[in-house]
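Residue-level listing of the chains:
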Amino acid sequence: MTVKHFICIIFIIFFSISCTRSKDPLFYDEKGTPAYGDTIITASIGEPSNLIPILATDSPSHEVASFIYNGLVKYDKNLNIVGSLARSWEISKDNLTITFHLRRDVKWHDGTPFTAHDVMFTYKLIVDPKTPTAYAGDFILVKEAKVLDDYTFRVTYGKPFAPSLISWSTAILPKHLLEGKDITHTPLSRRPIGTGPYKFYEWIPGERIVLTVNKDYFEGRPYIDRYIMRVIPDSATMFLELKRYGIDMMGLTPLQAVRQTDYPAFKREFNKFRYLSFGYVYLGYNLKHPFFKDKRVRQAITHAINKKEIIEGILLGQGVEADGPYKPDMWAYNANVKKYPYDKEKARSLLYEAGFKIGKDNILYKNGSPFEFTILVNQGNDVRIKCAELIQKRLSEIGIRVKIRVIEWASFINEFIDKRNFEAVILGWSIPHDPDIFDIWHSSKQGKKELNFISFENKEVDELLVKARHTLNRDERKKYYYRIQEILAEEQPYTFLFVPYANVAVHKRFKGIEPGPAGLMYDFIKWYVPEKQMRYRQQ
Amino acid sequence: MIRYLIKRLALMIPMLFGITLISFVVIHLTPGEPGIIEAEMNPKVTKEVRERIRAYYGLDKPIHVQYYMWLKRIVKLDFGISFASDRRPVIDKIKERIPITVSINLISMVLIFIIGIPIGIYCAKHKDTTIDKALTAFVFAGYAAPTFWLALLLMIFFGVYLEWLPISGLKSFNFHELSFFEKILDVASHLILPVGISAFGGLAGISRYMKSSLLEVLRQEYITTAYAKGLPEDMVLKKHALKNALLPVITIIGLSVPGLIGGSVIFESIFSIPGMGQLFYMSVMARDYPTIMGILVIGAFLTLIGNLLSDILYAVADPRIRIG
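It should be emphasised that the depicted structure is a prediction, and the values quoted were computed from it without experimental measurement. (Residues numbered from 1 in each chain as written. Chains lettered and ligands numbered in written order. Predicted model: local features only at pLDDT ≥ 70, side-chain atom pairs only at ≥ 80, totals over all residues. Heavy atoms only, no water.)

Trainee: For the overall build of chain A, give the residues involved together with the corresponding values.
Mentor: Of the regular secondary structure elements, chain A holds 17 helices and 21 strands. The C-alpha atoms of chain A give a radius of gyration of 26 Å, which matches the 24 Å a tight globule of 539 residues would have. Considering only C-alpha atoms, chain A reaches an extent of 80 × 75 × 40 Å along its principal axes. Once local pairs closer than 6 in sequence are excluded, the contacts in chain A between residues at least 24 apart make up 69%. Accessible surface for chain A amounts to roughly 22,600 Å². Of this, 52% is attributable to carbon and sulfur atoms. Put simply, chain A has 77 plus and 64 minus side-chain charges, and the middle of one group is 2 Å from the middle of the other. (Helix = DSSP H or I, 4+ residues; strand = E, 2+ residues; numbered from the N terminus. Rg over C-alpha atoms; globule rule 2.2 N^0.38 Å. Contact = heavy atoms within 4.5 Å. Areas by Shrake-Rupley, 256 points an atom, 1.4 Å probe, with all protein chains shown as cover. Lys, Arg positive; Asp, Glu negative; His and termini not counted. Charge placed at Lys NZ, Arg CZ, Asp CG, Glu CD.)

Trainee: Give me the sheet that holds strand β6 (residues 142–149) of chain A: which residues, what numbers.
Mentor: Sheet strands associate in pairs through backbone hydrogen bonding, adopting either a parallel or an antiparallel arrangement. Residue and element names in this part refer to chain A. Strand order in the open sheet made by the four strands is β4-β5-β7-β6, with antiparallel pairing throughout. Only two strands of the sheet have a single partner each, and these edge strands are β4 (86–91) and β6. Along the sheet, successive strands turn relative to each other by an average axial angle of 15°, direction set aside. With six bridges connecting them, β6 and strand β7 (residues 152–157) associate as antiparallel partners. By the bridge assignment, A145 is partnered in β7 with V155. Its contacts with the sheet place helix α3 (residues 116–127) against β5 (97–102), β6 and β7, and it is angled at close to 160° to β6. (Pairing = 2+ DSSP bridges. Axes fitted to C-alpha atoms, helices over the stretch in contact; angles between N-to-C directions.)

Trainee: Break down the packing of helix α6 (residues 147–161) of chain B against helix α7 (residues 180–218) of chain B for me, citing the residues and quoting the values.
Mentor: Residues and elements named next belong to chain B. Between α6 and α7, whose axes approach to 11 Å, the crossing angle comes to 145°. Judged by the twist between their axes, the crossing of α6 over α7 is right-handed. Side by side, α6 and α7 meet where T147, L150, A151, L154, M155 and F158 of the first sit next to L193, I197 and F200 of the second. Per-class residue counts for the contact of α6 with α7 are eight nonpolar, one polar and no charged. (Left-handed = near helix turned anticlockwise from the far one by under 90°. Nonpolar A, V, L, I, M, F, W, Y, C, P; charged D, E, K, R; others polar.)

Trainee: Tell me about the sheet that holds strand β8 (residues 198–204) of chain A, residues and numbers included.
Mentor: Residue and element names in this part refer to chain A. Sheet architecture is open: four strands sit in the order β1-β10-β9-β8, paired in mixed fashion. Strands with a single pairing partner mark the edges of an open sheet, and in this sheet they are β1 (39–44) and β8. Direction aside, neighbouring strands of the sheet carry axes that sit 20° apart on average. Contacting β1, β8, β9 (208–213) and β10 (226–231), helix α2 (residues 59–68) crosses the sheet at an angle of about 170° to β10.

Trainee: Got a sec to walk through helix α2 (residues 47–57) of chain B? Specific residues and values, please.
Mentor: Those residues of α2(B) that sit buried are B:V49, B:R50, B:R52, B:I53 and B:Y57. Around the axis of α2(B), the buried residues are gathered within 160° of arc, so they sit on the same side. As for α2(B), its buried residues are in contact with α3 and α4 (137–140) of chain A. Just past α2(B), the residue B:G58 takes up positive phi, approximately 75°. (Buried < 20%, exposed > 50% of the residue type's maximum accessible area, 1.4 Å probe, protein only. Arc of directions from axis to C-beta.)

Trainee: Outline unusual backbone geometry, supporting the account with residue identities and numerical values.
Mentor: Residue and element names in this part refer to chain A. Of note, L79 is a non-glycine position whose phi angle comes to about 65°, a positive value. Note that L79 resides in the loop between β2 (73–75) and β3 (81–83). You will see that Q492, though not glycine, has its phi angle at about 50°, which is positive. By the secondary structure assignment, Q492 is in the loop between α17 (474–491) and β21 (494–507).

The structure is reproduced here in structure tokens:
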């Protein structure tokens, strides 16, 4: 066989492999009827580390674990709390006690029935000082936990605590497999057993994790038979894999969503979904800084920053302006707060009012010192770096000289944030599903490693935050959070910049996907592929 | 010879000790701490919880105590438990990645030698011809082109556009359903791009070495003598010149031993190859001290062994520098 022959054969083999897919443009548009089967392949930049969720702090671990375990409660599409392992619950009049009534039809993946003892075990495990978990905070507040009978579980708090109910969405672990064992060395962290819609099948380190359907799932059998998470550490490669149909689903960057997926072959095979992500990006000021102490200065800067330009130019339109710490589709969000439209004149007059004068070099001066400051940005976050550049340009127009410094994440936190060694930063917060923002805004949270690092102090906000976290009545909480947003809008301790959209491409054969405030995956068990369009079949 | 060997081996111990001490101090001096770094700025992680996690890892003890504890374990060849939240033994994490990295590196090293050496010989023989210049340009292009860029271009061309080769990973996800022949084809097609690209990048070094050392030898008087004797050119090259010209290449073989377990992060990330480079990078990012130290110790050990090996090989091949 000559080399030529050999090459020919290779070509033929690859061609025969590659030409099996249907090219009918409307093939995937037919809705079909729900059917069992097929596989969804997703990808993750990082490999999950530990499939016992209380021990993991990385999001891939939690993503996989969310298919395997259940909590007592969960969020529905519109972020209302609904039951999962708990059928129902009662909250006592004094808001101190929650009694959970558990489902009786739940079995662990190994067939053992699930009971209130598992809940008790999980609770004890989390609060055990020997357990290296990052999530003990909410559970240390429990004064007493009690198993009333096999299917009734009661917790009592020392003080009413608003996020208490949703804290029970934590994954419940199997007592019969973990009791008396060292949680940090259990095989279950690599071969988990839960109650969820999917069962663990295999984990090939560095390559992928495979889950198979739990046919006896208590909320009904999920339609899709297999879930695979591939580990693809490079986002460019991941995008190529998506284009090549090597993966079925991927979160897109604004550039990918707007420009790089806008061609017929991609649209023929993929749907793009969009929802507001749970996070916002802000410019935070060190409120101990002599210039930033004055709220007029902060208001002026907000007026001088063109948020629209940031969203259009950097996010390619994939975001909405932020004016407070919540996203617009949450119940706690207050739309009627003071707004700061882009207005250079207003910014200037506020600064003159605050005692600044324009110098010969067109820079603002106050008591002889020029208005210049440095914005710190963490390395590797292009969006934030570009934001800093646009802000720099806009502020130079009104006579403020801005420098930008890009710093590696760990030293950013340890050397600058923790030591309060900064003037302004661009950072992002994730927005919690429950609106409790005590840790970020309460004046008591200014210690080392605590999150009110800008030193924000406001008596009224302090009081409101405490009141809001100690009542379980949503309408009452709403009132408090509305007022907090008004104050924050007036004070401008941050210039809230934007809430980005999450863009997700999912292969078109998957039907029944409804994006909502909770995102995309909340109802995964209802996704299906019509029989004719199925791609992967198992023997 | 044996005395020399023993002496060299004994000298390795203080050297290793010094390497570990310096690495240990340096990695503990970098800002950021294990287990917490991902949870940094996370409202759910309270101060008490942080302290608890620090105590769990023994980070509340002074650094010399930590080093002593680590040293006590490492002399028993116990690499410890990873600080990453999987909490697996470091040795397991390294063990599952070493075969992948070593085999890819071996294949591409063999490729580099069997392509690079002939290129070097050819270029020395036909110095300053057009083909010599073209080959030189070719190998330097491979050396200079950024791997990630070349890799992405080839992935787009062969993977997305032509759909001939898989884009990333080592096996298809339905690997276990394939027949034996299909399995071989599957792995081979996954390896073509990564191995090809890494070999392409390595050609320059070896072919240049080969060329310059052969040119050096060809200038020697004994080569002139050989020609004067009337030996055919082929014979002169193979019998007299090559033997001597290959000596420096032996050094390179020795020096590439530690390189066998090291992988490039960028390269492995782009092709989603779960190799050592990624493991090292990830453990550095997570400040996973035991894993970092484990990889460093193995790397240092192999470097020292590689040096020794090339010295020995050298002595075997060249009687002039044989010692005692």
